[in-house]
Amino acid sequence: MERRADGIVYFALLIALVALVLSVLAYTARARPAVTPVLRIPATMKLSMVVATFSGQGVAAHRWYPTMLVVRQGDTVDLALGNPDRVNHEFAIPELNLRSRKLRPGGADRLRFVADRAGVYVFQCALPHDPARGDCTPDHELMRGYLVVTE
């Protein structure tokens, strides 16, 4: 009788193994739902940038403010620029071939462009310090910031 019981156990084990293999095959062969990519409609980002003067302890620092802008690839950027400073400045993103007009004291300009390439781009003042012309300030090299274009 013991021998018959062993045969039944092996037969049951064989049936379970076949069922497991068939289940795995059926699972891997099932129809998968198609993944539909989420399409993002590019937006128009209305942003503002000004020349800011920070002073303290007898020292003044000039920066573009805000110092970082973040947009998504494909967005249209409508950038309003203002210069409340007492000297001229000019906003530029050299890698994207963007440059404002000379921003005289109290002046403003607007740049509109499509952020078509992901990356990090430096923006800066394009007018080197020239006191005779009233261009920029001695800390000209520090008037930098970043445009971050995400995918």
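Residues numbered from 1 in each chain as written. Predicted model: local features only at pLDDT ≥ 70, side-chain atom pairs only at ≥ 80, totals over all residues. Heavy atoms only, no water.

(A) Looking closely at the overall build of the chain. A tally of regular secondary structure across the chain gives one helix and nine strands. Here the chain has a C-alpha radius of gyration of 32 Å; the compact-globule value for 151 residues is 15 Å, and the former is much larger. Taken over the C-alpha atoms alone, the chain extends approximately 110 × 35 × 20 Å along its principal axes. Going through the 151 residues of the chain one by one, you find that 32% of them count as buried. Sequence separation of at least 24 residues holds for 64% of the intrachain contacts in the chain that already meet a minimum separation of 6. Carbon together with sulfur atoms contributes 61% to the accessible area of the chain, which is approximately 10,500 Å² in total. Side chains of the chain carry 18 positive and 14 negative charges; the gap between the two charge centres is 6 Å. (Helix = DSSP H or I, 4+ residues; strand = E, 2+ residues; numbered from the N terminus. Rg over C-alpha atoms; globule rule 2.2 N^0.38 Å. Buried < 20%, exposed > 50% of the residue type's maximum accessible area, 1.4 Å probe, protein only. Contact = heavy atoms within 4.5 Å. Areas by Shrake-Rupley, 256 points an atom, 1.4 Å probe, with all protein chains shown as cover. Lys, Arg positive; Asp, Glu negative; His and termini not counted. Charge placed at Lys NZ, Arg CZ, Asp CG, Glu CD.)

(B) Seen up close, the sheet that holds strand β1 (residues 44-56). Here four strands make up an open sheet; going across it, the order is β2-β1-β4-β7 and the pairing mixed. Edge strands, defined here as strands with exactly one partner in the open sheet, are β2 (59-65) and β7 (108-114). Strand-to-strand twist of the sheet, defined as the mean angle between neighbouring strand axes without regard to direction, takes the value 15 degrees. Bridge analysis of β1 against strand β4 (residues 76-82) gives seven bridges, and the strand direction is parallel. Bridging across to β4, V50 finds its partner in G82. (Pairing = 2+ DSSP bridges. Axes fitted to C-alpha atoms, helices over the stretch in contact; angles between N-to-C directions.)

(C) Fine view of the pattern of salt bridges. Scanning the entire structure with this criterion turns up nine salt bridges. Measuring nitrogen to oxygen at the nearest pair gives 3.0 Å for the salt bridge that ties R40 to D75. Here R40, found in the loop between α1 (2-29) and β1, pairs with D75, found in the loop between β3 (68-72) and β4; they are 35 residues apart in sequence, far enough to count as distant. By relative accessible area, which is 32% here, R40 ends up partly exposed. (Salt bridge = Lys/Arg side-chain N within 4 Å of Asp/Glu carboxyl O.)

(D) View of unusual backbone geometry. In the segment running from Y65 into P66, the intervening peptide bond is cis, with an omega of 5 degrees. With respect to the helices and strands, the residue P66 is situated in the loop between β2 and β3. Positive phi, close to 55 degrees, is recorded for Q57, a residue that is not glycine. The topology assignment puts Q57 in the loop between β1 and β2. The class of Q57 is exposed, set by a relative accessible area of 84%. Positive phi values are uncommon outside glycine, yet C136 reaches one of about 50 degrees.

(E) Structural view of the packing of aromatic side chains. One pass over the structure, following the stated rule, counts three aromatic pairs. Arranged with centres 5.2 Å apart and planes meeting at 35 degrees, the rings of F91 and F123 form a pair that is tilted. Linking F91 in strand β5 (residues 91-93) with F123 in strand β8 (residues 119-125), this pair joins segments that are 32 residues apart in sequence. Assessed through its relative accessible area of 0%, F123 is described here as buried. Taken together, W64, F91 and F123 form an aromatic cluster joined through their ring pairs. Above the plane of the ring of Y27 lies R30, whose end atom (NZ or CZ) is 4.1 Å from the centre. (Phe/Tyr/Trp six-rings, centres within 6.5 Å; stacked < 30°, edge-to-face > 60°. Lys NZ or Arg CZ within 6 Å of the ring centre and 35° of its normal.)

(F) Spotlight on a nonpolar patch on the surface. On the surface, L14, L17, V18, L20, V21, L22, V24 and L25 cluster together to form a nonpolar patch covering roughly 740 Å² of accessible area. Within the secondary structure layout, L22 lies in helix α1. (Patch = residues over 30% accessible without salt bridge, like charges linked within 9 Å, V, L, I, M, F, W, Y side chains within 5 Å.)

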